[in-house]
Amino acid sequence: MTSSSVSSLRLLHSHKHVEFIKNSSLDTETIEYALTEHLRLSGMYWGLTAHKLLVMNKNNQEDKEVKEEEEEEIMSKEDVMKFINECYDEKSSLFAGAPGHDGHLLYTLSAIQIFVLYECVQEQLSEERAKKICTAISKLQSKEDGSFAGDEWGEVDTRFSYCAFSALSLLAHGMGEECFLDDGLEALKIGGSDDEKKEDNQDKNRSKALGIMRKIVDVDKGCEFIMKCRNFDGGFGSTPGGESHAGQIFVCVGALQICNQLDLLYTADDDEEEENDKLAWWLAERQVKVGGLNGRPEKLPDVCYSWWVLSSLAALKKKHWIDLDKLKAFILRCQDDISGGISDRPDDEPDVYHTFFGIAGLSLMKHEGLEEIDPIYALPVRSVRKIGIESDWY
Amino acid sequence: MHGRKRESTASRLERRAKSLPKVKLLQKLHKEIVHLQNADDNEKGKDGGGGDDDDDDHDTKTQKKMESLMLTLTQKLVEIQPEMITCWNKRKARFCLYVVVRQQKNEEEEEERLKNVAKEELHVSEQGLRRNPKSYCAWEHRRWVIARLYDRILSSSSSSSSERGNEDSSLLPFMKDVVLREREMLETLLNADDRNFHAWNYRRFVVDKITRYYFNGEHDRMNEEEVADDVIENRTREEEAKYAREKISKNFSNYSAWHHRSVHFEQLDDDKNQASVTTETSSSSSPTRFQAVLDAEFELVSQAFFTEPEDQSAWMYHRWLLSQLDAYSSSSSSSSKNAYKIQTFQRELDRITEVSEMEPTCKWPALVCARLHKLLAKEMKLDDDFERRADVILKHSIKAKELYEKLLLLDPLRKGYYRDVLDRML
Ligand SMILES: [Zn+2]
């Protein structure tokens with residue numbers, strides 16, 4: 001369809017992408033929509049966050065054109081919140097992917113992320129419900145090895161460790177300390193007393209939130225389990241022995257970062273630079289000739305890895321180890337110039353998932369006009385700042 | 001959507017129209033399953049604790065009808081979309097009813113039913129995998145069913161009275177068949193896609209289950225012979241390393257197999273081995289066993305990169321072997337270990353220099369040589385006659401720097417990395 005050989009940067013079709021996201025969420029009679037029913041809430045998070053990244057900046061610069069923002073809205077806030085609350089599953093005290101489905105950590109994180117995105121965590125979550133969610137999450141942690149199951153049925157995956165830590169951290173920041181002061185939590189474990197040692201004095205909020213998290217789950221054991229999933233190449237898999245995968249690395253690095261335990265990745269000896277560099281170097285090796293990133297060695301590049309790999313590199317402060325201009329060009333080449341949206345590779349069908357991860361990747365590279373995204377929480381920096389998350393990792 | 005070619009608006013509309021019946025079917029299925037869920041919840045709400053054994057005939061009938069409706073609907077849906085987790089959950093809840101040990105009832109009949117239900121679940125999961133061999137939920141369902149069966153076997157063998165034991169439990173031969181079948185299925189799937197990490201993960205699970213089964217003292221049942229635990233563990237590790245090797249020789253670019261081999265790599269500590277030699281007077285290990293293992297591994301990996309120098313799988317593995325070697329003597333340094341280390345670094349340097357002469361535009365041999373020069377310089381600095389070797393150390397450092405500078409040109413995508421390395425070398 002297009003000549004991909006042109007190496008000059010294309011423009012980002014912001015407006016068309018907004019249209020694409022809107023159409024994809026409004027046209028409910030497509031096979032794509034029907035096949036993704038079980039993860040509707042996550043789909044919503046992708047679409048709404050992508051939308052925010054595209055318009056937030058613009059709207060803040062041109063205050064007069066608030067009207068335009070309304071026009072560009074994907075869904076009204078009211079509809080969004082109504083839908084999320086319909087997804088809440090009383091039985092598990094978790095959010096489900098769609099109304100009437102079973103609750104799961106994956107969608108619980110999506111729900112909380114959307115609350116943060118709309119700056120309405122306290123408005124949408126009663127203290128009672130927030131505590132119930134915290135208790136539910138604590139029950140999903142294995143006392144034996146610190147791993148997290150996605151739901152009561154016990155599937156273990158480092159993805160769920162990330163979901164648990166990220167959700168708890170966002171709740172701890174977003175609900176405010178008062179919510180967690182009394183003994184309303186059926187805490188399974190009261191945090192260790194060595195907090196001071198690990199505390200980041202520069203970031204009071206973070207250590208406060210971490211203190212709250214320690215009341216709910218065993219943070220150290222949770223991190224220990226993540227480290228058990230580390231591999232010969234420095235990467236991480238879904239369970240101990242599982243092959244390294246960029247998506248899995250994102251969740252493991254993110255979880256460690258949220259728990260302020262990124263140090264676990266490094267040997268104490270500064271002289272061991274090869275050892276200390278191995279994870280970031282493996283990630284840098286994900287970039288292939290055409291500029292895109294793959295998720296594992298000898299695989300094809302794919303726009304969604306622009307996010308998984310680049311955010312991990314950002315957390316490790318090694319974004320400059322790959323060619324960012326080439327990556328930008330690759331993502332922009334994956335745009336559908338006519339009807340909007342971004343696909344996995346140039347000239348493939350676009351979808352909301354890749355549209356979000358493409359825009360998120362561009363945002364991490366500070367693409368002009370885009371709101372900056374936080375590489376750990378996968379939310380606009382402006383949104384996480386509103387609940388007191390100030391990070392130094394971009 | 002991964003890997004689907006972009007369409008024109010016209011063909012999108014056409015496809016949309018064509019898929020409408022399927023969309024309607026999916027919508028209907030979703031609705032019915034959610035409805036089922038609600039009905040289920042209401043039912044449970046009514047009779048709090050669940051009735052006695054002599055429940056109404058009517059109730060049992062409706063229950064049976066509900067169950068079979070649930071099974072049909074969920075199967076239909078997961079055969080189209082195996083990631084539909086709530087369907088699997090419902091099936092798991094039903095499976096649980098059959099897997100609990102109820103000793104007062106007829107054990108034989110109970111086991112027959114359990115076996116049938118297990119077969120049913122494995123079949124539906126297989127259908128899901130046929131649709132999408134990378135479905136997290138379908139794989140997890142499999143793992144979950146097998147794990148529950150093992151739990152059941154282990155719990156009934158430990159809890160039943162010694163006179164009966166589980167001598168005549170038909171679950172043991174059944175499990176053996178199941179596991180053998182799982183291996184066959186895995187083989188088919190791995191032959192179709194040797195990088196499917198779900199399949200590899202599942203293989204490790206199946207193998208681990210078998211190993212743990214042995215540990216629980218049930219080995220006679222699987223193999224009709226008594227073997228010590230550590231022997232079994234070693235054997236499993238060897239088998240898996242061998243399996244990985246077979247996969248590697250079929251395709252050097254199979255990173256998943258290299259990974260699998262690293263997982264089952266024999267982590268031998270020469271010092272510990274020596275200690276065990278003196279205490280147990282076993283003759284199987286000698287102080288250089290680790291060295292022999294490592295040498296063989298370097299040999300294997302060199303075959304791979306000589307054949308496919310542009311493929312990163314083998315180079316990644318090689319890098320790890322070097323780090324294993326580097327860590328080898330760090331715990332307790334001995335002159336023989338150090339000598340072996342330097343000698344191996346040097347041998348690899350010669351070997352890979354050869355590759356780089358054959359493939360002057362390939363970045364990998366240049367990168368590995370650069371690292372080896374750096375390692376050699378570092379190693380020699382720690383050596384006693386550091387003074388005498390100062391010029392050799394300098395030579396290695398200069399060579400390393402030259403190569404990293406060359407890499408800036410050979411591999412411009414990762415310039416930033418090479419610059420950082422060079423900066424630190426100043
Ligand atoms: Zn993708």
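Residues numbered from 1 in each chain as written. Chains lettered and ligands numbered in written order. Predicted model: local features only at pLDDT ≥ 70, side-chain atom pairs only at ≥ 80, totals over all residues. Heavy atoms only, no water.

## Here's the deal with the overall build of chain A
Point 1. The number of helices and strands found in chain A is 18 helices and 2 strands.
Point 2. Out of the 394 residues in chain A, the part that is buried amounts to 64%.
Point 3. Counting contacts in chain A only where the partners sit at least 6 residues apart, residues at least 24 apart contribute 69% of the total.
Point 4. A total accessible area of about 14700 Å² is found for chain A, and carbon and sulfur atoms account for 49% of it. (Helix = DSSP H or I, 4+ residues; strand = E, 2+ residues; numbered from the N terminus. Buried < 20%, exposed > 50% of the residue type's maximum accessible area, 1.4 Å probe, protein only. Contact = heavy atoms within 4.5 Å. Areas by Shrake-Rupley, 256 points an atom, 1.4 Å probe, with all protein chains shown as cover.)

## Considerations on the overall build of chain B
Point 1. Along chain B, the regular secondary structure elements total 16 helices and 0 strands.
Point 2. Looking at chain B as a whole, 48% of its 426 residues qualify as buried.
Point 3. Sequence-distant contacts, at least 24 apart, represent 66% of the contacts inside chain B between residues at least 6 apart.
Point 4. Surface summary for chain B: the accessible area is close to 21800 Å², and the carbon and sulfur share equals 51%.

## Details of helix α14 (residues 363–382) of chain B
Point 1. When the terminal C-alpha atoms of α14(B) are compared, their 29 Å separation across 20 residues agrees well with the 28 Å that a helix rising 1.5 Å per residue should span.
Point 2. The buried count for α14(B) comes to 17 of 20 residues, which makes it a mostly enclosed element. (Expected span 1.5 Å × (residues − 1).)

## As for the confidence of the model for chain B
As a note on interpretation, predicted positions should not be read in detail where pLDDT is low.
All names here are of chain B.
Point 1. Mean pLDDT over chain B: 85, with 80% of residues reaching 70 or higher.
Point 2. This stretch, residues 161–165, has a pLDDT under 50; its non-local contacts, to residues over four places away or in other chains, come to 2 contacts.
Point 3. Within the model, the stretch residues 273–287 combines pLDDT values under 50 with 9 contacts to residues more than four positions away or in other chains.
Point 4. Predicted as a complex, the structure gets a pTM of 0.91 and an ipTM equal to 0.91. (pLDDT = per-residue confidence, 0-100.)

## A word on the environment of E354(B)
Point 1. As for its position among the elements, E354(B) is in helix α13 (residues 335–358).
Point 2. Between the C-alpha atom of E354(B) and that of L186(B), which follows or precedes it by 168 residues, the distance is 39 Å.

## Some points on the coordination of the zinc ion
Tetrahedral coordination by four donors places them ideally at 109.5 degrees to one another around the metal; octahedral coordination by six donors ideally gives 90 or 180 degrees.
Point 1. Within the first shell, the zinc ion binds the protein through D302(A) (OD), D302(A) (OD), C304(A) (SG), H354(A) (NE2) and H2(B) (NE2), at distances of 2.0 to 2.5 Å. Considered together, D302(A) and C304(A) belong to a single accessibility category, that of buried residues. (Donors = N, O, S within 2.8 Å, 3.2 Å for Na, K, Ca; no water.)

## A look at the packing of helix α5 (residues 77–87) of chain A against helix α6 (residues 105–117) of chain A
For any two helices packed against each other, one specifies the inter-axial angle together with the distance between the axes.
Residue and element names in this part refer to chain A.
Point 1. Remark: α5 packs on α6, axes separated minimally by 11 Å, with the N-to-C direction vectors making an angle of 155°. In terms of orientation, α5 lies roughly antiparallel with respect to α6. Along this stretch, α5 crosses α6, giving a crossing that reads as left-handed. Residues V80, M81 and I84 of α5 touch α6, and the partners they reach there are A111, I114 and F115.
Point 2. Partitioned by chemical class, the residues of the contact of α5 with α6 number 6 nonpolar, no polar and no charged. (Axes fitted to C-alpha atoms, helices over the stretch in contact; angles between N-to-C directions. Parallel < 35°, antiparallel > 145°, perpendicular 65-115°, else oblique. Left-handed = near helix turned anticlockwise from the far one by under 90°. Nonpolar A, V, L, I, M, F, W, Y, C, P; charged D, E, K, R; others polar.)

## So, the interface of chain B and chain A
Point 1. In this assembly, 69 residues from chain B lie in contact with 73 residues from chain A.
Point 2. Surface buried jointly by chain B and chain A totals about 6500 Å² across both partners, of which 49% is contributed by carbon and sulfur atoms.
Point 3. Looking only at chain B, the three residues that lose the most surface to chain A are M1(B), R6(B) and L413(B), adding up to 13% of its buried area.
Point 4. Residue E273(A) pairs with K374(B) through a salt bridge whose shortest N-O separation is 3.3 Å.
Point 5. Along the contact surface separating chain B from chain A lie 47 residue pairs in polar contact (both at pLDDT 80 or more).
Point 6. Those elements giving two or more residues to the side of chain B that touches chain A turn out to be α1 (9–46), α3 (85–99), α5 (136–159), α7 (197–223), α9 (255–263), α12 (312–328), α14 and α16 (415–425) of chain B.
Point 7. Residue contributions to the side of chain B that touches chain A peak at 14 residues, all from α1(B). (Buried area = accessible area lost by both parts, 1.4 Å probe. Salt bridge = Lys/Arg side-chain N within 4 Å of Asp/Glu carboxyl O. Polar contact = N/O pair within 3.5 Å; in protein donor to acceptor, adjacent residues only side chain to side chain.)

## Looking at the packing of helix α2 (residues 57–80) of chain B against helix α4 (residues 107–131) of chain B
Residue and element names in this part refer to chain B.
Point 1. Axis separation between α2 and α4 bottoms out at 7 Å; the angle between their running directions is 25°. Classified by the angle between their axes, α2 and α4 sit roughly parallel to one another. Residue-level contacts link L71, Q75, V78, E79 and I80 of α2 to E120, E121, H123, V124, Q127, G128 and R131 of α4.
Point 2. For the contact of α2 with α4, the residue count by class is 4 nonpolar, 4 polar and 4 charged.

## Quick word on α3(B)
Point 1. In this model, α3(B) (15 residues) spans 21 Å end to end at C-alpha, consistent with the 21 Å of a helix rising 1.5 Å per residue.
Point 2. Along α3(B), the residues classified as buried are I85(B), T86(B), C87(B), W88(B), N89(B), K90(B), R91(B), K92(B), R94(B), F95(B), Y98(B) and V99(B).

## Concerning the pattern of salt bridges
Point 1. Across all of its chains, the model carries 64 salt bridges over all chains by this definition.
Point 2. A salt bridge links R159(A) to D157(A); the nearest nitrogen and oxygen atoms lie 3.2 Å apart. The pair formed by R159(A) and D157(A) is uniform in burial state, with each residue classed as buried.
Point 3. One salt bridge connects R94(B) with E121(B), and the closest N-O pair in it is separated by 3.4 Å. Taken together, the residues span a long stretch of sequence, with R94(B) in helix α3 and E121(B) in helix α4 at a distance of 27 residues.
Point 4. Linked by salt bridges that have partners in common, E32(A), D336(A), E349(A), R4(B), E7(B), R12(B) and R15(B) make up one network.

## Some points on unusual backbone geometry
All names here are of chain A.
Point 1. With phi around 60°, E298 is a residue other than glycine that occupies positive phi space.
Point 2. Within the secondary structure, E298 sits in the loop between α14 (273–284) and α15 (303–315).
Point 3. The partly exposed category is assigned to E298, whose relative accessible area is 36%.
Point 4. Phi angles above zero are rare outside glycine, and D347 is one such case at about 70°.
Point 5. Assignment of secondary structure puts D347 in the loop between α16 (324–333) and α17 (352–364).
Point 6. Judged by its relative accessible area of 16%, D347 falls in the buried class.

## Things to note about the packing of aromatic side chains
Point 1. Under the definition given, this model contains 29 aromatic pairs over all chains.
Point 2. Plain terms: the ring middles of W308(A) and F357(A) are 4.9 Å apart, the flat faces sit at 40° to each other, and that makes the pair tilted. Here W308(A) is found in helix α15, whereas its partner F357(A) is found in helix α17, with 49 residues between them in sequence. The same class applies to W308(A) as to F357(A), namely buried.
Point 3. Taking the ring centre of Y136(B) as reference, the NZ or CZ of R159(A) above it sits at 4.1 Å.
Point 4. Its guanidinium or amino end placed over the ring of F205(B), R143(B) lies 5.8 Å from that ring's centre, counting from NZ or CZ. (Phe/Tyr/Trp six-rings, centres within 6.5 Å; stacked < 30°, edge-to-face > 60°. Lys NZ or Arg CZ within 6 Å of the ring centre and 35° of its normal.)

## What to know about the state of the cysteines
Point 1. Taken as a whole, this structure holds 0 disulfides over all chains when the rule is applied.
Point 2. Cysteine C163(A) shares no disulfide, and the gap to the nearest cysteine sulfur, in C252(A), comes to 11 Å.
Point 3. C362(B) takes part in no disulfide bond, and the closest cysteine sulfur to it belongs to C369(B), at a distance of 11 Å.
Point 4. Among the residues examined, C362(B) registers a relative accessible area of 2% and is labelled buried. (Disulfide = S-S within 2.5 Å.)

## Some points on the confidence of the model for chain A
Residues and elements named next belong to chain A.
Point 1. Per-residue pLDDT for chain A has a mean of 90; in total, 88% of the residues score no lower than 70.
Point 2. Below a pLDDT of 50 lies the segment residues 63–67, which in the model reaches 1 contact outside its immediate sequence neighbourhood of four places, other chains included.
Point 3. Every residue in residues 186–202 is under pLDDT 50, and counting partners more than four places away or in other chains gives 26 contacts.

## Looking at the side chain of K115(B)
Point 1. With respect to the element layout, K115(B) can be found in helix α4.
Point 2. With residues up to four places along the chain from it excluded, the contact list for K115(B) reads S170(B), L171(B) and F174(B).

## Side note on the environment of D351(A)
Point 1. Within the fold, D351(A) resides in the loop between α16 and α17.
Point 2. Taking relative accessible area as the criterion, D351(A) reaches 11% and is therefore assigned buried.
Point 3. When the C-alpha positions of D351(A) and G247(A) are compared, they lie 18 Å apart, and in sequence the two are 104 residues distant.
Point 4. When neighbours within four sequence positions are excluded, D351(A) is seen to be in contact with F20(A), I342(A) and M1(B).
Point 5. Within the local environment of D351(A), its side chain forms a polar contact with the backbone nitrogen of Y353(A), the two atoms lying 3.1 Å apart.

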